[in-house]
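The primary structure of each chain is shown beneath.
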Amino acid sequence: MEQRRYIGPIALTFSGEEGLVSRFVPDDFCEPQNSEYVDYTADLGWTTDVQPKGDFLAKNIGVRIYRRDGREYRYYYSPLDLTEQTFGYSVQDGRTIHVRFHNGFYRYHYYNYVGLEHLLLEHQAVPLHSASVIHQGQAILFSAPSETGKSTQADLWKKHRGAKPFNGDRNLLWKRNGEWVVTGFPCHGTSPDCVNTCAPLRAIVVLRQAKTDRIRILSKMEKTLALVSEMTINRWNPTDQDMAYALAADLAEHIDIIGLDCTMEQSAVETLEGYLERR
């Protein structure tokens, strides 16, 4: 059985037995949004050998990373399992990602297993932790650490300016044919907003809670660091980090990256809107 999903520049085909593919791949991002894609295949199957091997590189929630024979292996365990017993692994071989499970799997989103963030970086695309709206045909992104008010600012623009909902937790930034655009990303936290479409990138707004609303002018270094800190990347991989910094620096040079000290009132919309109109 095969199912195909489209994320930014990538077309990802999941292949394997019907019961495994249907359980593994949710019903989203099924429709192509672009005329050209880079094809990858996720080969799903079962194994009896899930013992980690190789040189240990890093550990994240639910995954341990090892390097063996020049390739990166991701070994998975349930974050709810205190024994951290491995139940599967994945490894990339060219444009095929082999994903193997032993006795079932923990229901992560599929992008965790295929290393989607790494594949995207190879094609000048990177997920940014942010909430977004589409206003006058362009995407405005609100980025900040969790609980800062990203969704609140997006909701204010929907309420007071009729902006359309886009993505509630992560947006895919993609330099397509030399121009920065935003597409949907198959991870949106608890937000219901997740639209698999593509829009030109108008601005990225770096939020900070405050009692009054004001614009903060950021240096190029401040812009770059603010972006990298909220990007979804493999921070144990030096090459991925270098690519992410290069993309962030390009964004800082060509896109409005704006600091906004903000309240949760309509005045925050008016402050940002006034600044954008003067640009």
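All of these numbers come straight from a predicted model, not from anything done at the bench.

Asks: Please give an account of the packing of aromatic side chains that cites residues and values.
Replies: With the rule as written, the count across this model stands at 12 aromatic pairs. Their ring planes at 55° and their centres at 5.7 Å tell us that Phe 24 and Phe 101 sit as a pair that is tilted. Of this pair, Phe 24 sits in helix α1 (residues 18–24) while Phe 101 is found in strand β8 (residues 96–101), placing the two residues 77 residues apart along the sequence. Residue Phe 24 is classed as buried on the basis of its relative accessible area, which comes to 1%. Residue class for Phe 101 comes out buried when judged on its relative accessible area of 0%. Ring geometry for Tyr 73 versus Tyr 89: centroids 6.1 Å apart, planes at 40°, classification tilted. Of the two residues, Tyr 73 sits in strand β6 (residues 71–77) while Tyr 89 sits in strand β7 (residues 86–93), which places them 16 residues apart along the sequence. What makes Tyr 73 buried here is its relative accessible area of 6%.

Asks: Could you give me a rundown of the pairing of strand β13 (residues 179–183), with the residues and numbers involved?
Replies: The buried fraction of β13 amounts to 4 of the 5 residues, a majority that puts the element mostly inside the structure. As paired elements, strand β12 (residues 170–176) and β13 share 5 bridges and run antiparallel to each other. Bridging from a neighbouring strand, Trp 174 pairs with Val 181 of β13. Following β12, the chain reverses through 2 residues before pairing antiparallel with β13; Asn 177 in that reversal takes a positive phi of roughly 55°. Across 3 bridges, the pairing between β13 and strand β14 (residues 198–209) is antiparallel. Of the residues in β14, the one forming a bridge with Val 182 is Ala 199.

Asks: Describe the nonpolar core, with residues and values.
Replies: Ranked by internal contacts, the top residues of the largest apolar core, which has 34 residues, are Phe 14 and Tyr 110. Contributing elements (two or more residues each) for this core: β2 (10–15), α1, β3 (38–46), β5 (63–68), β8, α2 (110–114), α3 (116–121) and β12. Ranked by size, the runner-up nonpolar core spans 26 residues in total, among them Val 126, Leu 173, Leu 218 and Leu 227.

Asks: So what's going on with helix α7 (residues 266–278)? Residues and values would help.
Replies: Compared with an ideal rise of 1.5 Å per residue, which puts 13 residues at 18 Å, α7 spans 19 Å between its outermost C-alpha atoms and is within 8% of the ideal. Listing the buried residues of α7 in full gives Ala 268, Val 269, Leu 272, Glu 273, Gly 274, Tyr 275 and Leu 276. Tucked into the core, α7 has its buried residues touching β10 (138–143), α4 (150–161), β14, β15 (214–216) and β16 (256–262).

Calculation criteria
- Residues numbered from 1 in each chain as written.
- Predicted model: local features only at pLDDT ≥ 70, side-chain atom pairs only at ≥ 80, totals over all residues.
- Heavy atoms only, no water.
- Phe/Tyr/Trp six-rings, centres within 6.5 Å; stacked < 30°, edge-to-face > 60°.
- Helix = DSSP H or I, 4+ residues; strand = E, 2+ residues; numbered from the N terminus.
- Buried < 20%, exposed > 50% of the residue type's maximum accessible area, 1.4 Å probe, protein only.
- Pairing = 2+ DSSP bridges.
- Core = buried A, V, L, I, M, F, W, Y, C linked by side-chain atoms within 4.5 Å.
- Expected span 1.5 Å × (residues − 1).
- Contact = heavy atoms within 4.5 Å.

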